There are 2 protein chains.
Amino acid sequence: MLNKKGVLHRNIQMSPPQILALSFLVAIVLGTLLLKLPIATTEPIRWLDALFTATSATTVTGLVVLDTGLDFTVFGQIVIMILIQIGGLGLMTFAVLIVVMLGKRIGLKERILVQEAFNQTSMGGVVRLVKIVFAFAITIELLAIVLLSLRWVPEYGWGFGIYTSVFHTISAFNNAGFSLWSDSLMGYVGDPAVNILITVLFMTGGIGFTVLSDLWRTKTFQQLSLHSKLMIVGTLVINVVAMLFIFVLEYQNPATIGTLNLGEKLWASYFQAVTPRTAGFNSIDIGDLNAGTIVFILLLMFIGAGSASTGSGIKLTTFLIIMMVVLTFLRGRNETVVFNRTIRHQIIIRSLAIVVISLIAVFITILILSITESAPFLMIVFEAFSAFGTVGLSMGLTGDLSDVGKLVIVVLMFIGRIGPLTLAFSLAVAQKSSIRYPDGEVFTG
Amino acid sequence: MLNKKGVLHRNIQMSPPQILALSFLVAIVLGTLLLKLPIATTEPIRWLDALFTATSATTVTGLVVLDTGLDFTVFGQIVIMILIQIGGLGLMTFAVLIVVMLGKRIGLKERILVQEAFNQTSMGGVVRLVKIVFAFAITIELLAIVLLSLRWVPEYGWGFGIYTSVFHTISAFNNAGFSLWSDSLMGYVGDPAVNILITVLFMTGGIGFTVLSDLWRTKTFQQLSLHSKLMIVGTLVINVVAMLFIFVLEYQNPATIGTLNLGEKLWASYFQAVTPRTAGFNSIDIGDLNAGTIVFILLLMFIGAGSASTGSGIKLTTFLIIMMVVLTFLRGRNETVVFNRTIRHQIIIRSLAIVVISLIAVFITILILSITESAPFLMIVFEAFSAFGTVGLSMGLTGDLSDVGKLVIVVLMFIGRIGPLTLAFSLAVAQKSSIRYPDGEVFTG
Ligand SMILES: [K+]
Ligand SMILES: [K+]
């Protein structure tokens, strides 16, 4: 049906979001088939669990109903790795391309900006751009594999040392949070090398390609685009606040960091502060955190990472824009101005739509799960926010989900990965505006 | 300090929101003092519990740490009644006045509309308007007292029959939800007279004075203002949906409506469907509802009643506008059009601010309570949404709250009653707009 050249050609006109959704569906279906093969697992698994794992990998979530290190063979683990790379790097590349296409549709100024940023002028330019993104990602991943191997080969020998470095590099850069260890990175809670390498990897993947490319090309903070400025300042502030919050709230909790020494306490607070915004690894037991810490992490998971990145969530810029619009309103002003740039009405409405639709998706999931599951409400809420933000942290509910519950989480992971981006780049029509400051483009979602 | 004529005159310039907040604070402080008097209670009570009760009454919430019917004397109950009338009718009147003042500040067309609606032309007009609102409220309350007495005097005799009719009329019309019975209206779960009278009372108080006045003056649906149309259609739809939802989800729950006959089941579903949007009475035990029903009620409590009413919450119109903006965005259109009226950008931003600030207030409350209280998370979340929406439904946590918890709830009830209105009517500056459809005024919050 799809390949009858010409005949059905006109009927197969698809919009970019449709192409994106279809690609993800195909990857998930293929992944499910491969993971259901007898050679993929040590024991036969159910179709539902194969689907769940394939979806979790492709959407770079990391919620698991099986033990990745024990229940899957090396073949199965490689399938998972490939799905992660497709779902993380693939979506990032797609998003970068849409940003460029978007650039073409909104005014001369932005167009020149984008063309300058990517030297993109034609179809050849698109191919070149994809090559740049891929080359950038592969370079970082190779570098990380070498560095992690320096840490893990001495501990595990050449074979597993390199293999586990490859697996965790791909999982970290793509913000997937899958681990070969049943307790994620809890064995390395106070290990500086693992803490630094893994977090730098997922933060690099999560801040967004446009920001990195902007940082690469400019010399001063002033020269950065509004989007890059927002992302850099916002990331710093939110991470510091989160680290302090977790450090203070968990300081005396013997089940998490209470019994660790000060250095380990700080590493653990840092790691748990930066991981909820999509990465999803954990170095302490999430189920043992205080309820207050859990509630705070819900917010971090909802906010998520940067646009055009390997991360998900509503995106940090979306969150910041909404906050600034409200602040502007409270100050009695009409135009939201940040770093001497006005936020266009269209961007505000887009951000609003992303937040509202995301809240609706999470709310409906919580509603359904609270009917189908008999677990404590906090575990249900946490699972829903984690699935929507494709974070993968869990208080331990995932394995105990009912079949309906698993299906609901599968759908939410899919929406969480595709939805905000689709919304963010739909309706990118330029609007005439009669305002003093020039408009600033901010990618949200 | 306040009454030194002239000298400090210039320093005591207050904005309407400040006047509003101060009036409420004064009422709460006076109420606390009166309720702490030995003649107000059967046993001595703590200052904190007096403050909690005074705040709950003044903000028409209905959350109780003491048993209104048993722990308070008739004197104490009358104090509570007066605080409820001040907090409900007082705020409604204030909101109506602001709508009129707002009318003066936004263009000739709206001004004429408002003046037509209220025949308000001068300071004398303001006094006349207050008289109209009061006369309207007192008339309805007197009528309800007579009708409820017909039901309760035969059951309880003249004295308590009339007294309880007065108390529940004031509590219902002002959407306070205080009851003289420890189990609220659970003794009347299948009683048509009580069900109809109480719900009609709180829906009349909760739909907003502007809507009622609009209904009074116009003959056809077409002639109604955009705001009235939205409120009427929205109220009908949300109530029917809520009733169906609760009926289906609780049908087999033996702890709520499972053991009732069909008629009682329907009355109970109806009552619990309409009460969460500020009223706060209950005819079945809220703590026994299914988790799914509870989650759905959270949404209803957050949405709340109508603007310029005795109810609270973000307001039904705010909710509807946000939904329509998102729908418009998804359809790829720029202007949000309802009933052939465009929703102005300013109204959208105002609605956004109300929702975001409300979510922040509820989120911070949940965060603090999950640190200070050891109760199940669902009970904490429910308590927070109930306090913000000044609903007063509870799964049973209120009496067990820690002192810090009680103070946090006191603050949230205050914010929930004052905040959205203050936001809604701040920044009512007219904006030039170049759109095809004429703008439609919608009161949000
Ligand atoms: K993840
Ligand atoms: K109430």
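Parameters at a glance
- Residues numbered from 1 in each chain as written.
- Chains lettered and ligands numbered in written order.
- Predicted model: local features only at pLDDT ≥ 70, side-chain atom pairs only at ≥ 80, totals over all residues.
- Heavy atoms only, no water.
- Donors = N, O, S within 2.8 Å, 3.2 Å for Na, K, Ca; no water.
- Helix = DSSP H or I, 4+ residues; strand = E, 2+ residues; numbered from the N terminus.
- Buried < 20%, exposed > 50% of the residue type's maximum accessible area, 1.4 Å probe, protein only.
- Contact = heavy atoms within 4.5 Å.
- Buried area = accessible area lost by both parts, 1.4 Å probe.
- Salt bridge = Lys/Arg side-chain N within 4 Å of Asp/Glu carboxyl O.
- Polar contact = N/O pair within 3.5 Å; in protein donor to acceptor, adjacent residues only side chain to side chain.
- Phe/Tyr/Trp six-rings, centres within 6.5 Å; stacked < 30°, edge-to-face > 60°.
- Lys NZ or Arg CZ within 6 Å of the ring centre and 35° of its normal.

A. How the structure looks around the coordination of the potassium ion (ligand 1). All names here are of chain A. The potassium ion (ligand 1) binds to the protein through Val60 (O), Thr61 (O), Asn175 (O), Ala176 (O), Thr278 (O), Ala279 (O), Thr390 (O) and Val391 (O); the donor distances cover 2.5 to 3.1 Å. The sequence motif formed by the donor residues of the potassium ion (ligand 1) is V-T-x113-N-A-x101-T-A-x110-T-V. Linking Val60 in the loop between α2 (47-58) and α3 (68-71) with Thr278 in the loop between α11 (262-274) and α12 (291-303), this pair joins segments that are 218 residues apart in sequence. Note on Thr278: relative accessible area 0%, which makes it buried.

B. Region of the structure containing the interface of chain A and chain B. Each partner contributes residues to the interface: chain A has 39 residues there, and chain B has 39 residues. For the pair chain A and chain B, the summed buried area comes to about 3300 Å², and 86% of that belongs to carbon and sulfur atoms. For the pair chain A and chain B, the number of links is zero salt bridges. Our count for the contact surface shared by chain A and chain B stands at one residue pair in polar contact (both at pLDDT 80 or more). Elements with a minimum of two residues in the side of chain A that touches chain B: α10 (226-250), α12, α13 (316-330), α14 (345-372) and α15 (377-388) of chain A.

C. How the structure looks around the pattern of salt bridges. Counting across every chain of the model gives eight salt bridges over all chains. The residue A:Asp191 makes a salt bridge to A:Arg151 at a minimum N-O spacing of 2.5 Å. With a gap of 40 residues between them, A:Asp191 in the loop between α7 (158-173) and α8 (192-207) and A:Arg151 in helix α6 (residues 123-156) connect regions that are remote in the sequence. With relative accessibility at 13%, the residue A:Asp191 sits in the buried group. The class of A:Arg151 is partly exposed, set by a relative accessible area of 23%. One salt bridge connects B:Glu155 with B:Arg151, and the closest N-O pair in it is separated by 3.1 Å. Of this pair, B:Glu155 and B:Arg151 both sit in helix α6 (residues 123-156), four residues apart, which is roughly one turn of the helix. Connected via shared salt-bridge partners are A:Arg151, A:Glu155 and A:Asp191.

D. Just the packing of aromatic side chains, in detail. Under the definition given, this model contains 33 aromatic pairs over all chains. Summarising the aromatic geometry, the rings of A:Phe202 and A:Phe281 are spaced 6.4 Å apart at their centres and angled 20° between planes, so their arrangement reads as stacked. You can see A:Phe202 sitting in helix α8 and its partner A:Phe281 sitting in the loop between α11 and α12, a full 79 residues away along the chain. The pair formed by A:Phe202 and A:Phe281 is uniform in burial state, with each residue classed as buried. Consider the rings of B:Trp267 and B:Tyr270, whose centres lie 6.1 Å apart with planes at 70°: the pair is edge-to-face. Pair noted here: B:Trp267 and B:Tyr270 are both in helix α11 (residues 262-274), with a separation of three residues, about one helical turn. Of the aromatic side chains, those joined through ring pairs into one cluster are A:Trp152, A:Tyr156, A:Phe160, A:Tyr163, A:Trp181 and A:Tyr188. Here the basic side chain of A:Lys36 rests over the ring of A:Trp47, its NZ or CZ set 5.2 Å away from the ring centre.

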